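# Examination of the molecular architecture
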Amino acid sequence: MSRGCASRHQPYNATSTIAMSIITRFAPSPTGYLHIGGARTALFNYLYAKHVGGAFLLRIEDTDRERSTQPAIDAIFAGLKWLSLAWDDEPVFQFARADKHRIAAEKLLAEGKAYRCYATPEELTAMREEAKAKKLTKMYNGLWRDRDPKDAPAGVKPVIRFKAPQDGETTIEDLVQGAVTVANSQLDDMVLLRSDGTPTYMLSVVVDDIDMKITHVIRGDDHLNNAFRQLQLIKALGAAQPLYAHIPLIHGPDGAKLSKRHGALGVEAYRDLGMLPEAMRNYLLRLGWGHGDDEIISDQQAIAWFDIGHVGRNPARFDTAKLSNLNGHYIRASSDARLVGLIAPLIEAKVGRTLDTEIKARLERGMAGLKTRAKTLIELADGAGFYAKTRPIALDDKAKAVIEGGGGALLVDISRNLDAVNDWTAPSLEAWAKSWSEAKGLKLGQVAQPIRAAVSGTTVSPPVFEVLAVLGKAETLVRLLDCTR
RNA sequence: GCUCCCAUCGUCUAGAGGCCUAGGACGCGGCCCUCUCAAGGCUGAAACAUGGGUUCGAAUCCCAUUGGGAGCGCCA
């Protein structure tokens, strides 16, 4: 292939042995549902791993005991499964690995690469204010960095801080952003172990990524600034550094950050909105990544084509209209049987009873005409409702107007003549309607609309003669007669 | 405020110095098809943020400006 593997920023030969053992990971914190940005991050990690024949791992970052919840963990699993983003191996739970993290911190302490800090919250606040006044980025001023531990105040439990390099600079060769350099003087000594002995996120991520042998860290670019500190830590721990790919965040339709308070729905919300998982995947893939003029991209193609080099560097806005369009495409492409299975529960909830096999068979026969008219499964279920309703069919206002506006008067005549039609197929019903309306001096629409109104209860439906064929002669005639009374 | 990142139609994007009179898709307008509504086909309007360089040549490379975004916790 002429594009793909050799990405623009990739600093190594992708065909080397390293490509044989690529491992990516998705590492959400279970403090809420799997939101749309997380889903895309997971998708990119999954696709890249599959593209190179590597592994895609899942790690639940549940070290924040206050905010992590089991329902959130379940939601993440459910969301990934719905999207068919299957992870390899068992998920890793970060909190369960706290001992490993602590040992790493103690190792650094023993090697003089970390130190105990006894600064009080008041001192920290003062440092922050001083840093702000001096127009500095960093906050911690190294108060305990070189102080003799003997000076430690009694009764204060210390945190362990990383002794970060103070001179020089740190550069990340980011696969998406390119080389990004920051002066070490901008980075302060981060906390590794809290005073209660629990590890912080920075330490846990680094240790886990090392132990899980992660080769490619693909995540939101809100982590780009963290990457510098993490890289320093990795070096201090003597581990091999991973390759980073910081992908831009997804914004809301108005360009503002997509947050939980600002329209960032969980993937299950899109499922409930009637979106198909393959539409979601296709949409998310195209948000921040492109492959020439291709828009409709199958899973197989996505795996074959996905490369980090073509991930865009600018944030993308979430566009519901395009998602809907894609969803409509995938609904049309779905099998009739699958769609019946997906909308049956929705229809059942609405009509208040279980659909029997006869109704389901009717839905399947009518599906070809229904599915070109829906952008979501909700719309599909709405449009299919009349096939499942029991008579007499309730008419909506527009349908009522058609019947009462003169259409109803034709129905007796129509039903009597239809009774004589023996070849009950859409083409022959249409042929009958054309000749009958011509004979009566009416336009086809003047005949078709009253029939549609009576039979579907609405003024919008699949082609009406197709509907009659799907309904069958008996059901059609009783529905027509219902409207003549 | 400080550090870092980003900038092509309204939106998602193609673009790797000459293939660009800037392509595709969604959305929007028109036409066709037509029993309604869709789908489909054809078609129209619509963008390289601004200013300087570099170069024979810049959407593309460099700098500045402007505008967005992210991060600056004993959160993750």
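Residues numbered from 1 in each chain as written. Chains lettered and ligands numbered in written order. Predicted model: local features only at pLDDT ≥ 70, side-chain atom pairs only at ≥ 80, totals over all residues. Heavy atoms only, no water.

### Here's the deal with the confidence of the model for chain A
- Averaged over all residues, the pLDDT of chain A is 90; the fraction at 70 or higher stands at 94%.
- Counted against residues more than four places away or in other chains, residues 1-19, with its pLDDT under 50, gives 26 contacts.
- On the interface metric, ipTM, the complex scores 0.94, and its pTM is 0.92. (pLDDT = per-residue confidence, 0-100. Contact = heavy atoms within 4.5 Å.)

### Re the packing of helix 16 (residues 444-456) against helix 18 (residues 473-482)
- Between helix 16 and helix 18, the shortest axis-to-axis distance is 8 Å and the interhelical angle comes to 100 degrees. With respect to helix 18, the axis of helix 16 lies roughly perpendicular. Mapping the contact onto sequence places Ile-451, Ala-454 and Val-455 in helix 16 and Thr-476, Arg-479 and Leu-480 in helix 18.
- Along the lines of polarity and charge, the residues of the contact of helix 16 with helix 18 split into four nonpolar, one polar and one charged. (Axes fitted to C-alpha atoms, helices over the stretch in contact; angles between N-to-C directions. Helix = DSSP H or I, 4+ residues; strand = E, 2+ residues; numbered from the N terminus. Parallel < 35°, antiparallel > 145°, perpendicular 65-115°, else oblique. Nonpolar A, V, L, I, M, F, W, Y, C, P; charged D, E, K, R; others polar.)

### As for the protein's contact with RNA strand B
- Surrounding RNA strand B, one finds 70 residues, the nearest of these being Thr-137, Arg-194, Gly-288, Thr-372 and Arg-373.
- At 3.5 Å, a side-chain N or O of Asn-226 approaches a base nitrogen of RNA strand B.
- Within the contact set of RNA strand B, a base nitrogen lies 3.1 Å away from a side-chain nitrogen or oxygen of His-310.
- Listed by contribution, the elements that provide at least two residues to the surface near RNA strand B are helix 4 (121-133), strand 5 (159-162), strand 7 (178-183), helix 6 (224-236), strand 12 (316-317), helix 10 (320-333), helix 16 and helix 17 (464-471).
- The biggest single contributor to the surface near RNA strand B is helix 16, with five residues.
- Taken together, the residues of the surface near RNA strand B break down into 22 nonpolar, 24 polar and 24 charged. (Near = heavy atom within 4 Å. Polar contact = N/O pair within 3.5 Å; in protein donor to acceptor, adjacent residues only side chain to side chain.)

### Things to note about the packing of helix 16 against helix 17
- For the pair helix 16 and helix 17, the least separation of the axes is 10 Å and the interaxial angle reads 40 degrees. Judged by the inter-axis angle, helix 16 sits oblique to helix 17. For the pair helix 16 and helix 17, the sense of crossing is left-handed. Residues Leu-444, Ala-448, Ile-451, Arg-452 and Val-455 of helix 16 touch helix 17, and the partners they reach there are Val-464, Phe-465, Val-467, Leu-468 and Leu-471. (Left-handed = near helix turned anticlockwise from the far one by under 90°.)

### Quick word on unusual backbone geometry
- Going from Arg-391 to Pro-392, the amide bond is cis rather than trans, its omega being 0 degrees.
- Located in the positive-phi region is Asp-89, a residue other than glycine, with phi close to 65 degrees.
- With respect to the secondary-structure elements, Asp-89 resides in the loop between helix 2 (70-82) and strand 3 (92-93).

### A word on the side chain of Thr-215
- With respect to the element layout, Thr-215 can be found in the loop between helix 5 (201-211) and strand 9 (216-220).
- A distance of 2.8 Å separates the side chain of Thr-215 from the side chain of His-216, its partner in a polar contact.
- Sequence-distant contacts of Thr-215, that is, excluding residues within four places in its chain, are made with Ser-21, Ile-22, Ile-23, Pro-242 and Leu-243.

### As for the environment of Asp-319
- On the secondary structure map, Asp-319 appears in the loop between strand 12 and helix 10.
- Relative accessible area serves as the criterion here: at 37%, Asp-319 is assigned to the partly exposed category.
- Taking the C-alpha atoms as reference, Asp-319 lies 35 Å from Ser-204; in sequence the two are 115 residues apart. (Buried < 20%, exposed > 50% of the residue type's maximum accessible area, 1.4 Å probe, protein only.)

### Concerning the sheet that holds strand 8 (residues 191-193)
- One open sheet accounts for three strands, arranged 4-5-8; its pairing is antiparallel. Of all strands in the sheet, those bounded by a partner on one side alone are strand 4 (114-117) and strand 8. Adjacent strand axes in the sheet meet at a mean angle of 45 degrees, parallel and antiparallel pairs treated alike.
- As defined by bridge partners, strand 5 adjoins strand 8 across two bridges and the pair is classed as antiparallel. Within the sheet, the bridge partner assigned to Ile-160 lies in strand 8 and is Leu-193. (Pairing = 2+ DSSP bridges.)

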